[in-house]
Amino acid sequence: MGILNATPDSFSDGGLHLDARAALGRARTMAAEGAAIVDVGGESTRPGAAPVHPDEEIRRVAPVLDALRTGLPGVPVSIDTRHAAVARMALDAGAVLVNDVSAGADPEMLPLVAERGAGVCLMHMQGEPATMQDRPRYADVVREVTDFLEARMRAAVDAGVPEQAIILDPGIGFGKAPEHNVALLAGLGAIVALGRPVLVGVSRKGIIGALTGRATGDRRAGSIGAGLAAVQSGAAVLRVHDVADTVDAMRAFTRIRGSGE
Ligand code: HH2
């Protein structure tokens, strides 16, 4: 999954893809590099970010989705949003997956996904982006995140979303200290055991800085290393900025791992 943020303030690619033509160019590059899906977002959820009104989110992503529909047909698009109004517009514009970092907190979100026959990624977050990194606390992070995802998966199914349409995500960096992120990446098997594909987003995040000492722009190798560790633990999808290098790393890794089985 290639990241395409139509935001002025995303922590890594903020301001780069606000213009629909630039966004389309970036999406084309990522698709050519091997991205299976392009994830379009109009709200930064980095630590400390203020919430964005759904009208503003729509204003940012609508032209990008239009450009993708006409300029890159055949490449599946997901919409990274917590707001049902934004998801509705994006599904109308051809998106096939709703990537919801709040796991369906908007009461209209899961019924919408069900009604439209879309896919949904349900992610764990402790707190809200503005304050989530203040003092994240868990007694048993793997157990708590797994239990939360299981409950949200049940809520989605109760709303009419087929289980096969659900992807689960531990929410690396969303209300988690470095040790929590490491425990989740190592213990991903508990979430995998819920029976749905698991998506992991570590690309250029603070956890990579904590593990390598590198600044945001210099976290490519660390991100790929952590991504491969996630794949080893059972992750099925990696949400990344650096598609070409990640795809190469995954090809080599899965080929060698597969030949030993
Ligand atoms: N991480 C970010 C945003 N959306 N969605 C899922 N499912 N999983 C993630 O780990 C995830 C996500 C944050 O990264 P990014 O989009 O690069 O930055 P920003 O939030 O500043 O736009």
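It should be noted that the structure appears before, not after, this text.
Residues numbered from 1 in each chain as written. Predicted model: local features only at pLDDT ≥ 70, side-chain atom pairs only at ≥ 80, totals over all residues. Heavy atoms only, no water.

Colleague: Where do I start with helix α9 (residues 220-232) in this structure?
Modeller: The α-helix advances 3.6 residues per turn, and as a result positions three or four apart in sequence lie on the same side. Along its 13 residues, α9 runs 18 Å from first to last C-alpha, staying within 8% of the 18 Å computed at 1.5 Å per residue. Every buried residue of α9 is accounted for by S223, I224, A226, G227, L228, A230 and V231. Residue G234 follows α9 closely and has a positive phi angle near 120°. (Helix = DSSP H or I, 4+ residues; strand = E, 2+ residues; numbered from the N terminus. Expected span 1.5 Å × (residues − 1). Buried < 20%, exposed > 50% of the residue type's maximum accessible area, 1.4 Å probe, protein only.)

Colleague: Explain the layout of surface pockets to me, please; I cannot follow it from the model alone.
Modeller: Over the atoms rolls a probe the size of a water molecule, and its path tells where empty space is left. Taken as a whole, the largest pocket spans an internal volume of roughly 540 Å³. Lining the largest pocket are 34 residues; nearest its centre among them are F11, R46, I172, F174 and K205. Elements represented by at least two residues in the lining of the largest pocket include exactly β1 (2-5), α6 (178-186) and α8 (206-212). No other element matches the 3 residues that α8 contributes to the lining of the largest pocket. Computed from the structure, the second largest pocket encloses a volume of approximately 260 Å³. For the second largest pocket, the lining is made up of 16 residues, of which M1, G34, A35, A36 and L238 are closest to its centre. Breaking the lining of the second largest pocket down by element, the ones donating at least two residues are β8 (237-238) and α10 (243-259). The element contributing the most residues to the lining of the second largest pocket is α10, with 4 residues. Looking at side-chain class alone, the lining of the second largest pocket contains 14 nonpolar, 2 polar and no charged residues. (1 Å grid on protein atoms, 1.4 Å probe; cavity = no way out; pocket = protein on both sides within 12 Å on 5 of 7 lines; lining within 4 Å. Points joined across faces, edges and corners; volume = space filled by probe spheres on them. Nonpolar A, V, L, I, M, F, W, Y, C, P; charged D, E, K, R; others polar.)

Colleague: Explanation requested: the packing of helix α1 (residues 20-33) against helix α2 (residues 54-71) in the structure shown.
Modeller: Any two packed helices are characterised by the angle at which their axes cross and by the distance between the axes. One way to put it is that α1 packs onto α2 with a least axis distance of 9 Å and a crossing angle of 50°. As far as their axial angle goes, α2 and α1 are oblique. Where α1 crosses over α2, the two elements pack in a sense that is right-handed. For the pair α1 and α2, the contacting residues are A20, A23, L24, A27 and R28 in the first and P63, V64, A67, L68 and G71 in the second. Of the residues assigned to the contact of α1 with α2, the class counts are 8 nonpolar, 1 polar and 1 charged. (Axes fitted to C-alpha atoms, helices over the stretch in contact; angles between N-to-C directions. Parallel < 35°, antiparallel > 145°, perpendicular 65-115°, else oblique. Left-handed = near helix turned anticlockwise from the far one by under 90°. Contact = heavy atoms within 4.5 Å.)

Colleague: Sorry if this is basic, but what is going on with the site of the ligand here?
Modeller: Within the structure, the ligand sits among 18 residues, and S10, S44, N99, D169 and K205 are positioned closest to it. R239 is positioned such that a nitrogen or oxygen atom in its side chain is 2.8 Å from an oxygen atom of the ligand. Calculation on the ligand without its partners gives an accessible area of 480 Å², and the protein chains cover 98% of this total. In terms of residue class, the shell around the ligand is built from 6 nonpolar, 7 polar and 5 charged. (Near = heavy atom within 4 Å. Polar contact = N/O pair within 3.5 Å; in protein donor to acceptor, adjacent residues only side chain to side chain. Areas by Shrake-Rupley, 256 points an atom, 1.4 Å probe, with all protein chains shown as cover.)

Colleague: Honestly, empty space enclosed by the protein in this entry has me stumped. Any pointers?
Modeller: Evaluation of the coordinates by the stated rule reveals 1 cavity of 30 Å³ or more. In terms of lining residues, the largest cavity is bounded by V202, S203, R220, S223, I224, G227, L238, V240, D242 and T246. Along the lines of polarity and charge, the residues of the lining of the largest cavity split into 4 nonpolar, 4 polar and 2 charged.

Colleague: Please explain the nonpolar core as it appears in this structure.
Modeller: Here is a general trend for soluble globular proteins: nonpolar side chains tend to be buried in one another's company. One finds L4, V40, L68 and V200 to be the most contacted residues of the largest nonpolar core, which totals 66 residues. Excluding anything up to four places from it in sequence, V200 contacts D169, P170, I172, L185, L188, A230, A235, V237, L238 and R239. The next biggest cluster of nonpolar side chains, apart from the first, holds 6 residues, and it includes M1, I37, L97 and L199. (Core = buried A, V, L, I, M, F, W, Y, C linked by side-chain atoms within 4.5 Å.)

Colleague: Sorry if this is basic, but what is going on with α1 here?
Modeller: In this model α1 runs 20 Å from its N-terminal to its C-terminal C-alpha over 14 residues, within 8% of the 20 Å that 1.5 Å per residue would give. The set of residues buried in α1 consists of A20, A23, L24, A27 and M30. Taken end-on, α1 shows its buried residues confined to a sector of 130°, consistent with a single buried face. In α1, the exposed positions angled more than 90 degrees off the buried face are occupied by R21 and A32. Where α1 is buried, its residues touch β1, β2 (38-41), α2 and α10. (Arc of directions from axis to C-beta.)

Colleague: Any chance you could explain a negative patch on the surface here in plain terms?
Modeller: A contiguous patch of negative charge on the surface is contributed by D140, E144, D147 and E150. Examined against the element boundaries, E144 turns out to sit in helix α5 (residues 141-158). For E144, a relative accessible area of 31% corresponds to the partly exposed category. (Patch = residues over 30% accessible without salt bridge, like charges linked within 9 Å, V, L, I, M, F, W, Y side chains within 5 Å. Salt bridge = Lys/Arg side-chain N within 4 Å of Asp/Glu carboxyl O. Lys, Arg positive; Asp, Glu negative; His and termini not counted. Charge placed at Lys NZ, Arg CZ, Asp CG, Glu CD.)

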